[in-house]
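Residues per chain, in single letters:
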Amino acid sequence: MKHSEFSIGCEFMTGSGRWRCTDVGKRTIAAIKLDKDHDPHWYNGPPYAVVESVFDEDGMIDCDPAPDKGTYDDSGRSQVTIVRRLGVKE
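Notes on the structure in this doc start here. Since we're looking at a predicted model, the values are computed, not measured.

**Remarks on the overall build of the chain**
Turning to step 1, where the next piece is worked out: Regarding its fold elements, the chain presents 1 helix and 5 strands.
Turning to step 2, where the next piece is worked out: Counting from the amino terminus, the chain carries its helices and strands in the arrangement β-β-β-β-α-β.
Turning to step 3, where the next piece is worked out: In the chain, buried positions account for 27% of the 90 residues.
Turning to step 4, where the next piece is worked out: Here the analysis covers contacts within the chain between residues at least 6 apart in sequence; of these, 49% occur between residues at least 24 apart.
Turning to step 5, where the next piece is worked out: Taken as a whole, the chain presents about 6,800 Å² of accessible surface, with 51% of it coming from carbon and sulfur.

**Brief notes about the packing of aromatic side chains**
Turning to step 1, where the next piece is worked out: In this structure the tally under the stated criterion is 3 aromatic pairs.
Turning to step 2, where the next piece is worked out: Arranged with centres 5.4 Å apart and planes meeting at 85°, the rings of Phe 12 and Phe 55 form a pair that is edge-to-face. Residue Phe 12 is located in strand β1 (residues 11–14), and its partner Phe 55 is located in strand β4 (residues 52–55); the two are separated by 43 residues in the primary sequence. Across this residue pair, the class does not change: Phe 12 and Phe 55 are buried.
Turning to step 3, where the next piece is worked out: Centre to centre, the rings of Trp 19 and Phe 55 are 5.1 Å apart; their planes meet at 85°, and the pair counts as edge-to-face.

**Observations concerning the environment of Ser 16**
Turning to step 1, where the next piece is worked out: Here Ser 16 lies in the loop between β1 and β2 (17–24).
Turning to step 2, where the next piece is worked out: C-alpha separation for the pair Ser 16 and Lys 33, spaced 17 residues apart in sequence, amounts to 8.8 Å.
Turning to step 3, where the next piece is worked out: Polar contacts involving the side chain of Ser 16 include one to the side chain of Thr 14, which spans 3.1 Å.

**Some remarks on the nonpolar core**
Turning to step 1, where the next piece is worked out: Counting residues in hydrophobic clusters, the biggest one holds 11 residues: Met 1, Phe 6, Cys 10, Phe 12, Trp 19, Cys 21, Ile 29, Ala 31, Phe 55, Met 60 and Cys 63.
Turning to step 2, where the next piece is worked out: Within the residue set of this core, elements represented by two or more residues are β2 and β3 (29–34).
Turning to step 3, where the next piece is worked out: Setting aside chain neighbours within four positions, we find Trp 19 in contact with Cys 10, Glu 11, Phe 12, Thr 14, Ala 31, Ile 32, Lys 33, Leu 34, Ser 53 and Phe 55.

**Observations regarding the side chain of Thr 14**
Turning to step 1, where the next piece is worked out: Tracing the sequence through the fold places Thr 14 in strand β1.
Turning to step 2, where the next piece is worked out: A distance of 3.0 Å separates a polar atom in the side chain of Thr 14 from a polar atom in the side chain of Trp 19.
Turning to step 3, where the next piece is worked out: Among all residues touching Thr 14, those that are not within four sequence positions of it are Trp 19, Phe 55, Asp 62 and Cys 63.

**Notes on a negative patch on the surface**
Turning to step 1, where the next piece is worked out: A surface patch of negative charge is lined by Asp 56, Glu 57, Asp 58, Asp 62 and Asp 64.
Turning to step 2, where the next piece is worked out: Its place among the elements puts Asp 58 in helix α1 (residues 57–61).

**So, unusual backbone geometry**
Turning to step 1, where the next piece is worked out: In this structure, the amide linkage connecting Gly 45 to the following residue, Pro 46, adopts the cis form with an omega of 5°.
Turning to step 2, where the next piece is worked out: Here Pro 46 shows up in the loop between β3 and β4.
Turning to step 3, where the next piece is worked out: In this structure, the amide linkage connecting Pro 46 to the following residue, Pro 47, adopts the cis form with an omega of -5°.
Turning to step 4, where the next piece is worked out: Looking at the element boundaries, Pro 47 is found in the loop between β3 and β4.

Conventions adopted
- Residues numbered from 1 in each chain as written.
- Predicted model: local features only at pLDDT ≥ 70, side-chain atom pairs only at ≥ 80, totals over all residues.
- Heavy atoms only, no water.
- Helix = DSSP H or I, 4+ residues; strand = E, 2+ residues; numbered from the N terminus.
- Buried < 20%, exposed > 50% of the residue type's maximum accessible area, 1.4 Å probe, protein only.
- Contact = heavy atoms within 4.5 Å.
- Areas by Shrake-Rupley, 256 points an atom, 1.4 Å probe, with all protein chains shown as cover.
- Phe/Tyr/Trp six-rings, centres within 6.5 Å; stacked < 30°, edge-to-face > 60°.
- Polar contact = N/O pair within 3.5 Å; in protein donor to acceptor, adjacent residues only side chain to side chain.
- Core = buried A, V, L, I, M, F, W, Y, C linked by side-chain atoms within 4.5 Å.
- Patch = residues over 30% accessible without salt bridge, like charges linked within 9 Å, V, L, I, M, F, W, Y side chains within 5 Å.
- Salt bridge = Lys/Arg side-chain N within 4 Å of Asp/Glu carboxyl O.
- Lys, Arg positive; Asp, Glu negative; His and termini not counted.
- Charge placed at Lys NZ, Arg CZ, Asp CG, Glu CD.

Structure follows, in structure tokens:
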């Protein structure tokens, strides 16, 4: 993506997952990584409960616009499964 394609609130994809743009500077952007395992309130801000990362001009090249529906989950699971181990008392 080009710098001009980013705006605050837009979502984009990288090789590591889905991100939301939180700030647009003259040559960089700031974004938070969206992870379905987190409480959605963590993404309300600023300030955010998750780390903001900075993408420079080189990092923006590897970004792609995100699909409208947020289906990406970087955990690799569609739901959390609890597995009980045999012989272990909880």
